[in-house]
Amino acid sequence: MTRRAYKERFYPTPEQAELLAQSFGCARFVWNNTLQYRTEAYQQRGETVSHAAAEKRLVALKAEYPWLADVSSVILQQTLRDQKAAFDNFFNPKLRARYPRFKGKDGRQSIRLTKAAFRYRDGEITIAKTKTPLPIRWSRPLPSEPSSITISMDRAGRYFISCLCEFSPEALPITPTMTGIDLGLTDLFITSDGGKYGNPRHLKRYEAKLAYLQRRLAKRQKGSKNRAKAKQRVARLHAKIADCRRDAVHKATRTLINENQVICVESLNITGMIKNRSLAKAISDAGWGEIVRQLEYKAEWAGRQVVKVSQWFPSSKLCHGCGHKVEKLPLSQRHWHCASCGQAIDRDINAARNIRTAGLAGLACGATGSGAAA
């Protein structure tokens, strides 16, 4: 058994929307107030505020601000637990997480509820302080009763509920097919058998419309209703672009997982690559990091294997046929001829084949995951 989050959209009633707005606001206030208290305690007195001390302080906060009692206490307690987890990640040198930040009312809003604050019965979820279940548009039944739920509202004003459930993944039938993929910009990825998955370029498709809406937003007076409406239009278009990108990546990774037993991929330093101002927008739009992330967890559920090859492996400069390595190969050169064997080489397909060879070699030597480096 493993845990999986099932995310669905719902459309709250006016009463539920008002309660959720209060819940988002109270959770945000507790987070920001506690974060400021912890930061000042360390900077001014050198003290570290423990989670137990923060929970004890929450009682005093509720006495000082009575409106915090309008929402479920579980929401506020869970906010402190989430902040504790954020600090734990920050102090963990392996994760390299950044210092917890303050939350604004204009960004994405979310609250997390445990079983004490919601009821799941007959396929319906009712949260504390409400009498009617949330009108959720279920796309599939849940495999088990959720252990916790996360309710969120994005910048476009859409409400989502994420249910954390226990489920038993079913392994796919074993297939002898193994492939290597080379992530790119002209094509989203290229497989070692010569297949190319075109890059939809969702951001570029809507870039002109986005620029138009942003210009209209810039001309609106701050604080006016027209500015709020223009801001909402920009947020909706951003949400549409993100949805299109997410859908394309899910379909692509599902195809790779269904058709291949082993998938070899290069472990790229995407954070460093997007510092290139000429390619940052294209790399971010391609979603390379999300492709690798989805491949890893889907492979684990399906009984497949993802092997990562070192980013320093010269996959593009090596001739797949004879192993000859060229010294210089500019990014603009997409085709070249091997000086040793004379073979005409497509840069991307050649890289995918070399990644497959290096990944399978590392797998044969007993390395798995990111350890399969050339």
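All values reported here derive from a predicted model rather than from experimental measurement.

## So, the sheet that holds strand E6 (residues 148-153)
Read across the open sheet, the five strands follow the order E2-E6-E7-E1-E5; overall the sheet is antiparallel. Two strands bound the open sheet, and with one partner strand each, they are strand E2 (109-114) and strand E5 (136-137). Across nine bridges, the pairing between strand E1 (residues 2-10) and strand E7 (residues 159-167) is antiparallel. Residue pairing in the sheet places Phe 10 in a bridge with Tyr 159 of E7.

## Let's talk about the packing of aromatic side chains
Applying the stated criterion across every chain yields a total of eleven aromatic pairs. Ring centres of Phe 29 and Tyr 65 lie 4.9 Å apart, and the angle between their planes is 70°; this geometry places the pair in the edge-to-face category. Remark: Tyr 65 occurs in the loop between helix H2 (51-64) and helix H3 (73-91) and Phe 29 occurs in helix H1 (residues 14-45); sequence separation between them is 36 residues. The interplanar angle of 90° and the centroid separation of 5.4 Å between the aromatic rings of Phe 87 and Tyr 99 together place this pair among those described as edge-to-face. Remark: Tyr 99 occurs in the loop between H3 and E2 and Phe 87 occurs in helix H3; sequence separation between them is twelve residues. An aromatic cluster is defined as three or more aromatic residues linked by ring pairs; in this entry it consists of Phe 87, Phe 90, Phe 91 and Tyr 99. Residue placement shows Arg 4 over the ring face of Phe 167; its charged tip is 5.6 Å from the ring centre. Between the NZ or CZ atom of Lys 7 and the centre of the ring of Phe 160, over which it lies, the distance is 4.8 Å.

## Some thoughts on the side chain of Thr 126
Structurally, Thr 126 is set in strand E4 (residues 124-127). Once residues lying within four places of it in the same chain are set aside, the contact partners of Thr 126 are Ala 117, Phe 118, Arg 119, Lys 131, Thr 132 and Pro 133.

## Thoughts on the UniProt feature "domain: Transposase putative helix-turn-helix" (unreviewed entry) in the chain
Within this numbering scheme, the UniProt entry marks residues 1-46 as carrying the feature "domain: Transposase putative helix-turn-helix" (unreviewed entry). Between the first and last C-alpha atoms of residues 1-46 the distance is 44 Å; the span itself is 70% helix and 20% strand.

## Some details on the domain arrangement of the chain
Taken as a whole, the chain is organised into domain 1 (2-167) and domain 2 (178-365). Listed as interface residues are nine residues of domain 1 and, on the opposing side, seven residues of domain 2. In total, about 560 Å² of surface goes out of reach between domain 1 and domain 2, with carbon and sulfur atoms giving 54% of it. When the area that domain 1 buries against domain 2 is broken down by residue, the three leading residues are Arg 155, Ala 156 and Arg 158, summing to 59%. Ionic pairing is found between Asp 106 and Lys 231, a salt bridge with its closest N-O pair at 3.5 Å. Tallied by class, residues from the side of domain 1 that touches domain 2 come to two nonpolar, two polar and five charged.

## A few points about the sheet that holds strand E10 (residues 196-198)
The five strands lie next to each other as E10-E9-E8-E11-E12, forming an open sheet whose pairing is mixed. Because the sheet does not close on itself, it has two edges, and the strands there are E10 and strand E12 (305-309). Between one strand axis and the next, the sheet turns through 25° on average, direction left out of account. With five bridges connecting them, strand E11 (residues 262-266) and E12 associate as parallel partners. Bridge pairing in E12 links Cys 264 to Val 307. Each of strand E8 (178-183), strand E9 (187-191), E10 and E11 touches helix H6 (residues 225-259); the most contacted strand, E9, lies at about 5° to it. Across the sheet, helix H9 (residues 288-302) is in contact with E8, E9, E11 and E12; its angle to E12 comes to roughly 140°.

About the cut-offs
Residues numbered from 1 in each chain as written. Predicted model: local features only at pLDDT ≥ 70, side-chain atom pairs only at ≥ 80, totals over all residues. Heavy atoms only, no water. Pairing = 2+ DSSP bridges. Helix = DSSP H or I, 4+ residues; strand = E, 2+ residues; numbered from the N terminus. Phe/Tyr/Trp six-rings, centres within 6.5 Å; stacked < 30°, edge-to-face > 60°. Lys NZ or Arg CZ within 6 Å of the ring centre and 35° of its normal. Contact = heavy atoms within 4.5 Å. UniProt positions renumbered as here; feature names shortened; annotations may be inferred. Domains from an automatic or database assignment. Buried area = accessible area lost by both parts, 1.4 Å probe. Salt bridge = Lys/Arg side-chain N within 4 Å of Asp/Glu carboxyl O. Nonpolar A, V, L, I, M, F, W, Y, C, P; charged D, E, K, R; others polar. Axes fitted to C-alpha atoms, helices over the stretch in contact; angles between N-to-C directions.

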